[in-house]
Amino acid sequence: MTNIDTLVEENKRLAQELKQRLFELSILYDITNSISYTLNYDDFLRIIMNSLNKFLDYDICTSLIILEEEKKAKMCIHIAHSLPIRIVEEIKRKVINTLRSLRAKPITEDQITLDLKGDILNDEGSYQNIKSSFDVPLFAGDKVVGLLNVASTKDIAYSDNEIKLFYTLATQASFSIEKLQAVLAGEKSKMKVMVEGMSEGVVMFDEQDKLVIFNAAAREMIGENLDLLGSLEEIRKVQKKSFDIHLDKPYPRIINSQAMCIKDDEGKSLGIVILLKDVTREREIDQMKSDFISVVSHELRTPLTALKGAIDNLLDGIAGELNQIQKECLLVSKRNIDRLNRMISELLDISRIEAGKIQINKQPTDITGLINEVLRLFQDMAEASGIILGAEIASDLPKINLDPDKITQVLTNLVGNAVKFTPAGGRITVRAGVLKDFIQVDVIDTGLGIPHQDLEKIFDKFYQVSRLGGSRTPKGTGLGLPICKGIVERHGGRIWVESELGKGSKFSFTLPI
Ligand code: ADP
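In this text, all values refer to a predicted model and were calculated from it rather than measured experimentally.

Draft legend 1. Main features of the packing of aromatic side chains. Counting across every chain of the model gives three aromatic pairs. Considering the side-chain rings of F134 and F166, the 5.4 Å spacing of their centres and the 40° angle between planes classify their relative orientation as tilted. With a gap of 32 residues between them, F134 in strand 6 (residues 132-140) and F166 in helix 4 (residues 160-197) connect regions that are remote in the sequence. Across the pair, exposure class does not vary: F134 and F166 are buried alike. Centre to centre, the rings of F459 and F507 are 6.3 Å apart; their planes meet at 75°, and the pair counts as edge-to-face. Separated by 48 residues along the polypeptide, F459 in the loop between strand 17 (438-445) and helix 11 (480-490) and F507 in strand 19 (residues 504-512) bring together distant segments of the chain. Accessibility assignment for this pair places F459 and F507 in one class, buried.

Draft legend 2. Spatial organisation of the site of the ligand. Around the ligand there are 21 residues in total, and N417, D445, Q464, R467 and L481 lie nearest to it. Interatomic distance of 2.9 Å between a side-chain N/O atom of N417 and an oxygen atom of the ligand. Within the backbone of G478, an N or O atom sits 3.1 Å from an oxygen atom of the ligand. Relative to its unbound accessible surface of 530 Å², the ligand loses 97% to contact with the protein. Counting only elements with at least two residues in the shell around the ligand, the list comes to helix 10 (404-420), helix 11 and strand 19. By residue class, the composition of the shell around the ligand is 10 nonpolar, eight polar and three charged.

Draft legend 3. Main features of the pattern of salt bridges. Using the criterion set out here, one finds 22 salt bridges in the structure. When the shortest N-O distance is used, the salt bridge between K117 and D115 registers 3.5 Å. We classify K117 as partly exposed; its relative accessible area is 46%. Across the pair K308 and D338 runs a salt bridge whose closest N-O atoms are separated by 3.3 Å. Taken together, the residues span a long stretch of sequence, with K308 in helix 7 (residues 280-315) and D338 in helix 8 (residues 324-354) at a distance of 30 residues. Residue classification places K308 among the partly exposed residues on the basis of a relative accessible area of 26%.

Draft legend 4. Region of interest: helix 9 (residues 367-384). Relative to the 26 Å expected for 18 residues at 1.5 Å per residue, helix 9 spans 27 Å between its end C-alpha atoms, a close match to the ideal helical length. At F378, helix 9 is deflected by roughly 45°, the largest bend along its length. Burial in helix 9 covers these residues: I367, T368, L370, I371, V374, L375, F378 and A382. The first or second residue beyond helix 9 is G386, which carries a positive phi of 75°.

Draft legend 5. Representation of the sheet that holds strand 4 (residues 112-117). Strand order across the open sheet formed by five strands is 4-2-1-7-6, with mixed pairing between neighbours. The outermost strands of the open sheet, each flanked by one partner alone, are strand 4 and strand 6. The sheet shows a mean angle of 15° between the axes of neighbouring strands, direction not considered. Pairing of strand 1 (residues 60-66) with strand 7 (residues 143-152), which is carried by six bridges, proceeds in the antiparallel orientation. Opposite L64, over in strand 7, you have L147 as the bridge partner. Relative to the sheet, helix 3 (residues 85-102) contacts strand 1, strand 2 (73-79), strand 4, strand 6 and strand 7, its axis offset from that of strand 7 by approximately 150°. Against the sheet, helix 4 contacts strand 1, strand 6 and strand 7, and its axis sits at roughly 30° relative to strand 6.

Calculation rules
- Residues numbered from 1 in each chain as written.
- Predicted model: local features only at pLDDT ≥ 70, side-chain atom pairs only at ≥ 80, totals over all residues.
- Heavy atoms only, no water.
- Phe/Tyr/Trp six-rings, centres within 6.5 Å; stacked < 30°, edge-to-face > 60°.
- Helix = DSSP H or I, 4+ residues; strand = E, 2+ residues; numbered from the N terminus.
- Buried < 20%, exposed > 50% of the residue type's maximum accessible area, 1.4 Å probe, protein only.
- Near = heavy atom within 4 Å.
- Polar contact = N/O pair within 3.5 Å; in protein donor to acceptor, adjacent residues only side chain to side chain.
- Areas by Shrake-Rupley, 256 points an atom, 1.4 Å probe, with all protein chains shown as cover.
- Nonpolar A, V, L, I, M, F, W, Y, C, P; charged D, E, K, R; others polar.
- Salt bridge = Lys/Arg side-chain N within 4 Å of Asp/Glu carboxyl O.
- Expected span 1.5 Å × (residues − 1).
- Bend = angle between axes of the 7 residues up to and from the residue.
- Pairing = 2+ DSSP bridges.
- Axes fitted to C-alpha atoms, helices over the stretch in contact; angles between N-to-C directions.
- Contact = heavy atoms within 4.5 Å.

Fair warning: the whole summary comes from geometry, so function is off the table for now.
Next comes the structure, spelled out in structure tokens:
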């Protein structure tokens, strides 16, 4: 060989080596880059395993990593070429055992959550076996916190370069784990500081009923009396529990306790969290509201009843004969007193509904009877307005448990609105039938309809649709529909509307059978 030949050979070798180095560098660059943005172990393991796949020919790659507080571990398996389940199980066991042998603290299979990607074959007829397998430990500081394994059913002799790169990658991974652990620990301590500083009380118990959080606000509210929070066993049974704790010392106050069982993404129970809130002021306001309602109902209604009585007397001619104009004036007063009375009733109803104090007295009822009664009530009025009232009621409606007065109130409201907003020549139909476990009632009219943008708000308190030429539309309080909603929902049903402007509306509600 001449000198020149040697030089050419050497050049070739160097070029090849350079190419290999560049390739390795690009992989390392990729992985360092993407790892610095991950904040969870799942992404982290995915990135590592994807990078390995680029330069190592493996059938199965497995990573196992111990998560925070050594209580949990995450195992990711990537199957590159489909493998029988027997081999996958074998690798799983091998990786767990190897990691066990490297650590002082044992891990058990039930602490490990598994994330498996790739095809698993049926075992039968397969004679494949693992012929080459390679492990590298992952460190955080000087502690082994995980293991990476690549394995193949082929007899692969990995080159020195490949093995070196594998190690470099593992070292890089170890650095990242350390960083990730520091970030997570930082987040955790931030969380702790935040919870400690919250104005709401926070108490948390883990699955073993060990107290893990008891923040300053909670300590201030209940002192050391954790028994005030009720039995954890019962909370577990009902999953969610809210109740008021009445305290006398050091001063009278009411603490609302809201307990709930919490679960992780996979539905595994993590423990119980209890939120404590001082609701003394809110309860006082509630009480004031109830007092106000009773004042309104008595103090306002009594004079109105007296007024109405006096007007009736005048109209009956008790104080002497009235001329036509005087009569008209008194009739206007009487109509407005009726309106005031209705408004007071509606205000009382909505306050009761909002305070959750509405009384529902359920009894087995035939809803057909209620519908017919309401239709009879509006018959004359509809006829006078040139509207046809009709019913289409299924014959097989079962009796259901409902409060007949309250449901009559809903029907009266809906049919009343339909009559109000349907011009002469229109038609109103009340339909009722069974739909799955519910009875559904529809009140359908061919009236003015409701603009699309108002549909969502129509069940809000005091909401009224403003219409062109509004002066002609009958005035109400905007409380009718919210009251209907409250009543229907208290029965466990739903109420909604479909409507097209100028064509008509369909108000529907359901009641559970
Ligand atoms: P109000 O006492 O003002 O009637 P509601 O809560 O019963 O209050 O109704 C709110 C608004 O919904 C009404 O102002 C009306 O414009 C509209 N609305 C209710 N029912 C109908 C209907 N059948 N057709 C057209 N508009 C309706």
